[in-house]
Amino acid sequence: MLKIKKLTVQYGPLPALYEISLEIKQGEIVSLLGPNGAGKTTLLLTLSGILKTTEGRILFEGEDITNLNPHQIVSKGIGHVPQGRHIFPTLSVTDNLMMGAYLHRNEKREIKKQLERIYPLLPVLKERAHQRAGTLSGGEQQMLSIGRAMMGRPKLLLLDEPSLGLAPRLMDEVFAIFRKLNERGLTLFIVEQEIHLSLSISGRGYLLRNGRMIKEGSASALLESRELMISLGGDDRQPEKDETSLS
Ligand SMILES: Nc1ncnc2c1ncn2[C@@H]1O[C@H](COP(=O)(O)OP(=O)(O)OP(=O)(O)O)[C@@H](O)[C@H]1O
Ligand SMILES: [Mg+2]
């Protein structure tokens with residue numbers, strides 16, 4: 001469904017991603033893991049057309065979508081739940097959802113249908129339809145951000161650290177929703193630092209570090225890998241043999 005070939009992305013002269021390649025098949029849940037500053041958000045922003053690539057290609061359903069504009073990417077069927085949610089705080093919950101349906105704004109009946117599909121999964125969005133989004137709790141704002149992306153009717157949903165700032169019980173709730181969305185046919189690409197939680201629903205995963213893809217494999221193989229253990233907080237620098245002998 002998604003194929004990334006040797007993607008390089010730079011902020012000014014500094015590359016943040018070096019020749020990244022990966023593939024996601026339709027119906028999969030795939031995790032993208034890695035420490036702070038690895039380039040995870042940069043990769044998702046590039047997939048969404050917000051950042052441009054200097055080298056490499058992105059193919060979606062066989063079509064080259066490299067460097068298309070964000071609205072073109074949404075119209076191809078890629079939704080994005082950004083890191084930090086980015087809801088519109090002064091708008092109501094419903095108006096936030098409508099922003100996600102912007103490309104389909106003239107298809108009133110379809111919008112209503114999509115709302116009816118989303119409400120059973122994210123009931124809080126119906127219960128709090130008229131509440132200002134900025135007054136929602138953190139967990140509710142995360143549900144809204146997911147709901148808003150779903151209003152664009154994506155086939156592939158990109159999620160950037162959806163568990164960030166959530167209590168463990170809410171994290172479980174959000175990941176249960178991802179599982180249900182996947183059962184309904186949605187393909188998911190999840191950036192997470194909650195490695196165990198994310199791999200528990202993923203078939204496969206990729207590990208990014210310093211802008212380079214250093215490991216890929218099945219969820220179980222990744223969980224056992226040394227590279228992941230190091231990224232979980234270990235230190236991969238070899239201690240200097242006589243580091244202390246000078247003192
Ligand atoms: N707008 C920007 N301008 C310059 N450098 C940037 C910009 N945004 C990110 N970077 C740099 O690119 C690198 C990757 O950042 P990115 O946000 O993609 O990491 P991340 O893996 O999402 O980290 P985190 O887990 O903290 O969200 C970092 O070194 C960061 O400082
Ligand atoms: Mg990030």
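Residues numbered from 1 in each chain as written. Chains lettered and ligands numbered in written order. Predicted model: local features only at pLDDT ≥ 70, side-chain atom pairs only at ≥ 80, totals over all residues. Heavy atoms only, no water.

### With respect to the sheet that holds strand β8 (residues 187-192)
Here six strands make up an open sheet; going across it, the order is β6-β7-β8-β3-β9-β10 and the pairing mixed. Looking at strand neighbours, the two that pair on one side only are β6 (78-81) and β10 (212-218), the edges of this open sheet. Shown here is a sheet whose adjacent strand axes are inclined to one another by a mean of 15 degrees, direction ignored. Of the strands in this sheet, β6 and β7 (156-160) are in contact with helix α6 (residues 138-150), which crosses β6 at around 165 degrees. (Pairing = 2+ DSSP bridges. Helix = DSSP H or I, 4+ residues; strand = E, 2+ residues; numbered from the N terminus. Axes fitted to C-alpha atoms, helices over the stretch in contact; angles between N-to-C directions. Contact = heavy atoms within 4.5 Å.)

### Regarding α6
The terminal C-alpha atoms of α6, which comprises 13 residues, lie 19 Å apart, in line with the 18 Å expected from a rise of 1.5 Å per residue. Most of α6 is tucked away, with 12 of its 13 residues classed as buried. Within α6, burial applies to Gly139, Glu140, Gln141, Gln142, Met143, Leu144, Ser145, Ile146, Gly147, Arg148, Ala149 and Met150. Close packing links the buried residues of α6 with β6, α3 (93-100), α4 (108-118), α5 (124-127), β7 and α7 (168-183). (Expected span 1.5 Å × (residues − 1). Buried < 20%, exposed > 50% of the residue type's maximum accessible area, 1.4 Å probe, protein only.)

### Observations regarding the nonpolar core
Of all hydrophobic cores here, the largest spans 37 residues; its most connected members are Leu125, Ile146 and Phe178. Looking at this core, the elements that each hand over two or more residues are α3, α4, α5, α6, β7, α7, β8 and α8 (195-201). Listed in part, the 26 residues of the second largest apolar core include Leu32, Leu44, Ile73 and Leu158. (Core = buried A, V, L, I, M, F, W, Y, C linked by side-chain atoms within 4.5 Å.)

### Things to note about the packing of aromatic side chains
Under the counting rule described, the total for this entry stands at one aromatic pair. Note on phenylalanine 175 and phenylalanine 178: the rings are 5.1 Å apart at their centroids and 65 degrees apart in plane angle, and the pair reads as edge-to-face. Taken as a pair, phenylalanine 175 and phenylalanine 178 lie in helix α7 at a separation of three residues, close to a single helical turn. In this structure, phenylalanine 175 and phenylalanine 178 share a single accessibility class: buried. One cation-aromatic arrangement involves arginine 105 over tyrosine 102; the distance from NZ or CZ to the ring centre is 4.1 Å. A cation over an aromatic ring shows up here: arginine 212 above the ring of tyrosine 18, its NZ or CZ 3.9 Å from the ring centre. (Phe/Tyr/Trp six-rings, centres within 6.5 Å; stacked < 30°, edge-to-face > 60°. Lys NZ or Arg CZ within 6 Å of the ring centre and 35° of its normal.)

### As for the confidence of the model for the protein
Per-residue confidence for the protein gives a mean pLDDT of 91; residues scoring 70 or more make up 94%. Looking across the protein, the model is least confident in helix α10 (residues 226-231), with a mean pLDDT of 83, and most confident in β7, with 98. Overall, residues 235-247 carries pLDDT values under 50, and its contacts beyond four positions in sequence, including any with other chains, amount to three contacts. (pLDDT = per-residue confidence, 0-100.)

### Here we look at the coordination of the magnesium ion (ligand 2)
Every protein donor of the magnesium ion (ligand 2) is accounted for by Thr41 (OG1) and Gln83 (OE1), and the metal-donor separations fall at 1.9 to 2.2 Å. Here threonine 41 is found in helix α1 (residues 40-47), whereas its partner glutamine 83 is found in the loop between β6 and α3, with 42 residues between them in sequence. (Donors = N, O, S within 2.8 Å, 3.2 Å for Na, K, Ca; no water.)

### Describing the site of ligand 1
If you check the shell around ligand 1, you find 13 residues, and the closest are Gly37, Lys40, Thr41, Thr42 and Gln193. Between ligand 1 and tyrosine 11 there is a distance of 3.3 Å, counted from a nitrogen atom to a side-chain nitrogen or oxygen. One of the side-chain nitrogen or oxygen atoms of asparagine 36 is found 2.9 Å away from an oxygen atom of ligand 1. When the free accessible area of ligand 1 is taken as 630 Å², the share hidden by the protein chains comes to 56%. Its residues assigned to classes, the shell around ligand 1 shows four nonpolar, seven polar and two charged. (Near = heavy atom within 4 Å. Polar contact = N/O pair within 3.5 Å; in protein donor to acceptor, adjacent residues only side chain to side chain. Areas by Shrake-Rupley, 256 points an atom, 1.4 Å probe, with all protein chains shown as cover. Nonpolar A, V, L, I, M, F, W, Y, C, P; charged D, E, K, R; others polar.)

### Side note on the side chain of threonine 187
Here threonine 187 is to be found in strand β8. Judged by relative accessible area, which is 0%, threonine 187 ranks as buried. A distance of 2.8 Å separates a polar atom in the side chain of threonine 187 from the backbone nitrogen of glycine 27. Setting aside chain neighbours within four positions, we find threonine 187 in contact with Met1, Ile24, Lys25, Gln26, Gly27, Glu28, Lys155, Leu156, Leu157 and Asn182.

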